[in-house]
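Each chain, letter by letter, is given below.
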Amino acid sequence: MSEVIAKIQRVSRASLAHAETLAREWLPQGSRRGSEWVARNVARGDRASGSFGVSLVSGKWNDFADNSAHGGDLVSLYSYLNACRQVDAAMAIDRRLGLGVFRRGVTPPVNAAAEAAAMVAYRQRLEDDAAEREHARQEAADRARSAWRAARPAPSTHPYLMNKGIPAYHLRQCRRGWLLVPLHSGGELVNLQWITPNGQKRFLKGGQVQGAYAVIGEIVPGGRVYVCEGWATGATLHRLTGDPAVCAMNAGNLRAVAEKLRKALNGSLDLVIAGDDDRQTAGNPGRQAANDAALAVGAMVLYPKWPDDCPDDLTDFNDLYRWHRARLDAEQAGGDHE
């Protein structure tokens, strides 16, 4: 068994030199972003890319919308995508790259000097990659502060806000008409989420997202705080309850943000994880991520309560809020005609 494990580890190390080639073959609908390959999770049946990332430097991979989907190398990635054992995955990669590690009747000699040199080069790539990412985060934070200063207060008549039925809550708007959602970490503005009038969203390239968040309302010692995914969901919760909301911006960031808040103000906050209910997505990643975050910090968890006649494609508290409003408006309009 130890010999098999050693062979798997050899394949894992050797595959890093071909990381981008393998990622393109296994996840063909993805694209390279810096040192990562970003794609849709084909194993979960996602329809769009964005949450599934593979490091082309280390081979580490994870799905930010599913905390159970992660691994430390390309062998585990192949195993996950093809639902097979790690040894089978290593053998498949071995055949694809012609390494000969698992060739029957042949045990390739171990070149200790070459493997040591490869490990040194690998560690240097990791260090260079970390330095590059830190530089990109700093540049993005500078751009975020500059754009925030240049923007003006957003009007509540902005098309996105009108569609969501929520106030601006101190958001700003750039000259192109895009909303600016400020993301903070450690008390500093580190990134922005841009929201176009038709609802498309993106972050500053290279900016920090994991562990960063947007706050709506004022957080006070001993007070209740809702932790949710999107900004519109947070604005809805704040409007309906009066309590502050902290927006993690995606499901995979819920736990990191909740853990930061649990440590804040001497641990006095009453945290409630307000999760999305991705009922039409396999595995319901919204519920899974919210449950994981709540268990990690000992918080309550809350989900939308769907009426029997509610459409199945609604997923969050803002969806439910708008559906109720539309139904009430229709009832009032009908009463006016009587």
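Presented here is an overview of the structure given in this document. Note that the coordinates shown come from a computational prediction; the quantities given were computed from them, not determined experimentally.

1. Side note on the pairing of strand β9 (residues 188-195)
Among the eight residues of β9, seven are classified as buried, and the element is accordingly described as predominantly covered. Note that strand β8 (residues 179-185) and β9 share seven bridges and pair antiparallel. Its bridge partner lying in β9, L183 is registered against N191. Count of turn residues in the β8/β9 antiparallel hairpin: two residues, of which G186 carries a positive phi of about 60°.

2. Here's the deal with unusual backbone geometry
Trans peptide bonds make up most of the peptide bonds, and negative phi angles are found at most residues other than glycine. One non-glycine residue, Y169, lies in positive phi territory at about 45°. Inspection of the secondary structure assignment puts Y169 in the loop between α6 (159-164) and β7 (172-173). For Y169, a relative accessible area of 24% gives the class partly exposed. Its identity as a non-glycine residue notwithstanding, M249 has a phi of 80°, on the positive side. Along the polypeptide, M249 turns up in the loop between β13 (245-247) and α8 (254-263).

3. Comments concerning the environment of W148
Relative to the assigned elements, W148 resides in helix α5 (residues 112-150). Residue classification places W148 among the buried positions, given a relative accessible area of 16%. For the pair W148 and W178, spaced 30 residues apart in the sequence, the C-alpha separation amounts to 12 Å. Once residues lying within four places of it in the same chain are set aside, the contact partners of W148 are H170, L171, R172, L180, P182, L189 and L192.

4. A few points about the environment of G298
Structurally, the position occupied by G298 is in the loop between α9 (285-297) and β15 (300-302). Assessed through its relative accessible area of 60%, G298 is described here as exposed. C-alpha separation for the pair G298 and A258, spaced 40 residues apart in sequence, amounts to 9.7 Å.

5. A closer look at the sheet that holds β15
If you trace the five strands from one edge of the open sheet to the other, you get β11-β13-β12-β14-β15, paired in mixed fashion. Every interior strand has two partners, whereas the edge strands, β11 (214-216) and β15, have only one. Neighbour-to-neighbour, the strand axes of the sheet open up by a mean angle of 25°, direction not taken into account. As paired elements, β11 and β13 share three bridges and run antiparallel to each other. Along β13, the bridge assignment pairs I216 with A245. In this fold α8 packs onto β12 (224-228), β13 and β14 (270-274), with an angle of close to 160° to the strand it touches most, β12.

6. A few points about the side chain of H158
Along the chain, H158 turns up in the loop between β6 (152-153) and α6. Accessibility expressed as a relative area gives 3% for H158, which makes it buried. A distance of 3.1 Å separates a polar atom in the side chain of H158 from the backbone nitrogen of Y160. The residues contacting H158, other than those within four sequence positions of it, are Q173, G177, L179, I195, T196 and P197.

7. A few points about α8
Among the residues of α8, those classed as buried are L254, V257, A258 and L261. The arc enclosing the buried residues of α8, seen along the axis, measures out at 100°, which places them on a common side. Contacts made by the buried residues of α8 are with β12, β13, β14 and α9. Looking one or two residues beyond α8, the residue adopting positive phi is L265, at roughly 50°.

8. Side note on the sheet that holds strand β10 (residues 201-203)
If you trace the five strands from one edge of the open sheet to the other, you get β6-β7-β8-β9-β10, paired in antiparallel fashion. What marks the edges here is a single partner per strand, and that holds for β6 and β10.

9. Considerations on the side chain of S15
By the element assignment, S15 lies in helix α1 (residues 2-15). Ignoring sequence-local partners within four residues, the contact set of S15 consists of L22, L74, I93 and L97.

Conventions and cut-offs
- Residues numbered from 1 in each chain as written.
- Predicted model: local features only at pLDDT ≥ 70, side-chain atom pairs only at ≥ 80, totals over all residues.
- Heavy atoms only, no water.
- Buried < 20%, exposed > 50% of the residue type's maximum accessible area, 1.4 Å probe, protein only.
- Helix = DSSP H or I, 4+ residues; strand = E, 2+ residues; numbered from the N terminus.
- Pairing = 2+ DSSP bridges.
- Contact = heavy atoms within 4.5 Å.
- Axes fitted to C-alpha atoms, helices over the stretch in contact; angles between N-to-C directions.
- Polar contact = N/O pair within 3.5 Å; in protein donor to acceptor, adjacent residues only side chain to side chain.
- Arc of directions from axis to C-beta.

Treat this as a map of the structure, not an account of what it does.
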